[in-house]
Amino acid sequence: MSSILTNTSAMIALHSLRTSNADLDKIEKQISTGKIITEASDNAAIWAISKVMESDHQSFLAISKGLALGQSTLKVATKATESTINLLKKMKAEIIAAQSENTDRDKIQNQLEALKDQIRSAVRMAQFNGLNLLDGSQDPGIEILSSIDRNLTGQVKAAYITVPTDKMLKTRNDTPAKPQVFQTGRYTSDTINPRVMDPGQSTRIKFSNTGHEVGSVIKLKFGAIEVNYKITQSDINASAIGKHLAKNLAAAVLAKNIPNITVRAGLVLRITNTSSTASITLSGQTKPALNIPDLADINVLTTDKAAKSMEMIEDLTNHWIKVAEGFGTYSRRISIQTAFISNITDTFQSGIGSLVDADMEETAALAIALKVQVQLSTESLSIANKSPHFLYQLFK
């Protein structure tokens with residue numbers, strides 16, 4: 001039965017056209033983005049998995065950069081260590097020459113002192129991005145982010161490669177104590193525990209007259225601002241070392257131009273928070289002087305000292321060789337981990353692609369087929385819309 005009120009054929013053709021256009025829009029979106037899943041509505045489960053994997057993929061890229069930074073730091077330390085070993089070889093040659101009685105030991109000692117200074121310089125300069133693995137500042141070690149571990153519940157935990165820094169501030173059998181420069185009553189300490197100075201409040205720091213070492217560092221921290229002062233020979237020679245240090249620390253603090261902080265030096269260092277609203281946290285600590293094990297004791301000015309120096313240079317050379325060996329081991333481990341992270345990053349990228357990437361060959365074929373369907377649906381709709389006109393002819 002035909003009806004002029006309901007054109008079933010047109011409705012069917014229109015539905016087919018709408019479906020074809022919707023499918024074509026979807027395919028064109030896949031072609032433009034290269035993905036079959038671009039949002040949660042496409043496939044919520046797969047989309048969620050892909051986003052977690054994308055997050056981990058970005059994390060592994062960041063880990064690769066961190067490993068590269070750690071590797072560079074190790075390479076700098078290794079080069080400094082190798083340079084030190086070469087300098088020790090030169091020192092050994094000079095010490096061997098000093099074993100003879102008819103030699104100018106004064107000149108040889110001068111050569112040795114120059115080589116010692118070069119070794120100390122190499123150690124101090126062995127830093128990358130402010131991180132020095134040889135001067136003891138990173139004792140007991142540094143941690144290099146090496147991976148992230150995700151368990152079945154979705155919890156993420158960081159994994160590290162721990163590099164134990166060489167204890168350059170230590171002798172072979174002992175660890176030098178930090179200088180006890182801060183004095184409270186009868187007691188001395190190497191640390192000022194954090195103390196809060198409220199607005200308008202003052203605090204006093206007293207420095208001891210004993211226990212100081214040339215090259216050691218006094219650190220005072222005002223909130224995030226740090227003031228460092230290295231103890232000099234003139235400090236040690238002062239008649240009242242504590243008072244002398246208070247004066248020099250006051251000058252160091254003033255040079256930093258710390259907001260809302262005033263200082264006054266006398267027998268003690270008096271620090272005042274001049275702010276009317278903000279509190280300031282003060283803390284302090286000390287750092288031992290750089291002292292390469294046994295290096296300062298090498299002396300060839302006498303026959304006995306020259307013989308003793310032969311033993312020390314052997315011990316010291318072996319010590320540095322072990323340091324270089326350790327750095328080489330951890331450098332190799334980081335290289336292996338870097339290669340693994342690179343491979344797993346590629347695997348993640350491939351896995352994400354297999355979940356959400358579109359098959360472009362299939363997509364291209366579907367696009368052509370859908371364009372034909374749209375054309376046929378359009379033609380069918382056009383034919384269906386002519387049906388009422390044929391009914392009209394029956395009434396002529």
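Residues numbered from 1 in each chain as written. Predicted model: local features only at pLDDT ≥ 70, side-chain atom pairs only at ≥ 80, totals over all residues. Heavy atoms only, no water.

Participant: Could you clarify how one ought to interpret unusual backbone geometry in this entry?
Facilitator: Peptide bonds are mostly trans, and most non-glycine residues show a negative phi. Phi angles above zero are rare outside glycine, and Asn129 is one such case at about 55°. By secondary structure assignment, the location of Asn129 is in the loop between β1 (127-128) and β2 (131-132). Phi is positive for Asn260, which is not a glycine, with a value near 65°. Mapping Asn260 onto the fold places it in the loop between α5 (241-255) and β11 (261-265). Using a relative accessible area of 38% as the deciding quantity, one classes Asn260 as partly exposed. (Helix = DSSP H or I, 4+ residues; strand = E, 2+ residues; numbered from the N terminus. Buried < 20%, exposed > 50% of the residue type's maximum accessible area, 1.4 Å probe, protein only.)

Participant: What's the story with the sheet that holds strand β7 (residues 191-197) in this structure? I'm lost.
Facilitator: For sheets, the rule is that strands pair by backbone hydrogen bonds, running either parallel or antiparallel. Pairing is antiparallel in the open sheet, where four strands are placed in the order β7-β13-β9-β10. Single-partner strands in this sheet number two, and they are β7 and β10 (225-230). Put simply, the sheet's adjacent strands are angled 15° from each other on average, direction ignored. Across six bridges, the pairing between strand β9 (residues 217-222) and β10 is antiparallel. (Pairing = 2+ DSSP bridges. Axes fitted to C-alpha atoms, helices over the stretch in contact; angles between N-to-C directions.)

Participant: Quick question: what am I supposed to make of the packing of helix α2 (residues 44-97) against helix α3 (residues 105-125) here?
Facilitator: When two helices pack together, their arrangement is given by the angle between the helix axes and by the axis-to-axis distance. Viewed as axis vectors pointing N to C, α2 and α3 meet at an angle of 170°, and their least axial separation amounts to 10 Å. Classed by the angle they form, the pair α2 and α3 counts as roughly antiparallel. For the pair α2 and α3, contact is made by Ala80, Thr84, Leu87, Leu88, Lys90, Met91, Glu94, Ile95 and Ala97 and by Ile108, Gln111, Leu112, Leu115, Lys116, Gln118, Ile119 and Ala122, respectively. (Parallel < 35°, antiparallel > 145°, perpendicular 65-115°, else oblique. Contact = heavy atoms within 4.5 Å.)

Participant: Help me understand the confidence of the model for the protein, please; the structure alone is not making it clear to me.
Facilitator: The predicted coordinates should not be examined in detail at positions where pLDDT is low. Confidence in the prediction of the protein, expressed as mean pLDDT, is 81, and 88% of residues score 70 or more. Taken together, the stretch residues 166-176 has pLDDT below 50 and engages in 29 contacts with residues farther than four places along the chain or on a different chain. (pLDDT = per-residue confidence, 0-100.)

Participant: Before we go on, may I ask you to explain the environment of Ala98 in this structure?
Facilitator: Take Ala98: it is sitting in the loop between α2 and α3. Separated by 207 residues in the primary sequence, Ala98 and Lys305 have C-alpha atoms spaced 9.9 Å apart. For Ala98, the residues in contact, after removing those within four places along its chain, are Thr103, Arg105, Ile108, Val300 and Ala306.

Participant: Can you help me understand the pairing of strand β12 (residues 269-273) in this one?
Facilitator: Burial runs high along β12: four of the five residues are buried. Here four bridges tie strand β8 (residues 202-207) to β12, and the two strands are oriented antiparallel to one another. Paired with Arg204 across the bridge in β12 is Arg270. Judged from the five bridges that link them, β11 and β12 form a sheet pairing that is antiparallel. Across the sheet, residue Thr262 finds its bridge partner in β12, namely Thr272. Hairpin remark: β11 followed by β12, antiparallel, with three residues in the connecting loop.

Participant: Is there a simple way to think about the nonpolar core in this case?
Facilitator: Across soluble globular proteins, you tend to see nonpolar side chains buried next to one another. Of all hydrophobic cores here, the largest spans 39 residues; its most connected members are Met91, Leu134 and Ile298. Breaking this core down by element, the ones donating at least two residues are α2, α3, β3 (142-150), β4 (156-163) and α6 (303-356). In contact with Ile298, not counting residues within four places along its chain, are Met91, Ile95, Gln109, Leu112, Glu113, Lys116, Ser309, Met312, Ile313 and Leu316. The next biggest cluster of nonpolar side chains, apart from the first, holds 26 residues, and it includes Ile192, Ile205, Phe207 and Val263. (Core = buried A, V, L, I, M, F, W, Y, C linked by side-chain atoms within 4.5 Å.)

Participant: Whenever I open this one, the environment of Ala251 confuses me. Can you help?
Facilitator: Secondary-structure assignment places Ala251 in helix α5. A residue is classified by how much of its surface remains accessible, and Ala251, at 46% relative accessible area, is partly exposed. In this structure the C-alpha to C-alpha distance between Ala251 and Arg264, which are 13 residues apart in sequence, comes to 9.3 Å.

Participant: Just to check I follow, could you spell out a nonpolar patch on the surface for this structure?
Facilitator: On the surface, Ile368, Val372 and Leu376 cluster together to form a nonpolar patch covering roughly 290 Å² of accessible area. Note that Ile368 resides in helix α7 (residues 360-384). The class for Ile368 is exposed, based on a relative accessible area of 57%. (Patch = residues over 30% accessible without salt bridge, like charges linked within 9 Å, V, L, I, M, F, W, Y side chains within 5 Å. Areas by Shrake-Rupley, 256 points an atom, 1.4 Å probe, with all protein chains shown as cover. Salt bridge = Lys/Arg side-chain N within 4 Å of Asp/Glu carboxyl O.)

Participant: Would you take a moment to explain the packing of α2 against α6 for this structure?
Facilitator: Across the interface, α2 lies against α6 with an axial gap of 7 Å and an inter-helix angle of 160°. With respect to α6, the axis of α2 lies roughly antiparallel. Handedness of the crossing formed by α2 with α6: left-handed. For the contact of α2 with α6, the per-class residue count stands at 31 nonpolar, 17 polar and four charged. (Left-handed = near helix turned anticlockwise from the far one by under 90°. Nonpolar A, V, L, I, M, F, W, Y, C, P; charged D, E, K, R; others polar.)

Participant: Please clarify how the pattern of salt bridges should be interpreted in this entry.
Facilitator: Two side chains of opposite charge can pair, provided their charged atoms sit close to one another. Counted by the stated rule, this structure contains six salt bridges. When the shortest N-O distance is used, the salt bridge between Lys308 and Glu311 registers 3.6 Å. Of this pair, Lys308 and Glu311 are both found in helix α6, three residues apart, which corresponds to roughly one turn of the helix. For Lys308, a relative accessible area of 46% puts it in the partly exposed group. A residue is classified by how much of its surface remains accessible, and Glu311, at 48% relative accessible area, is partly exposed.

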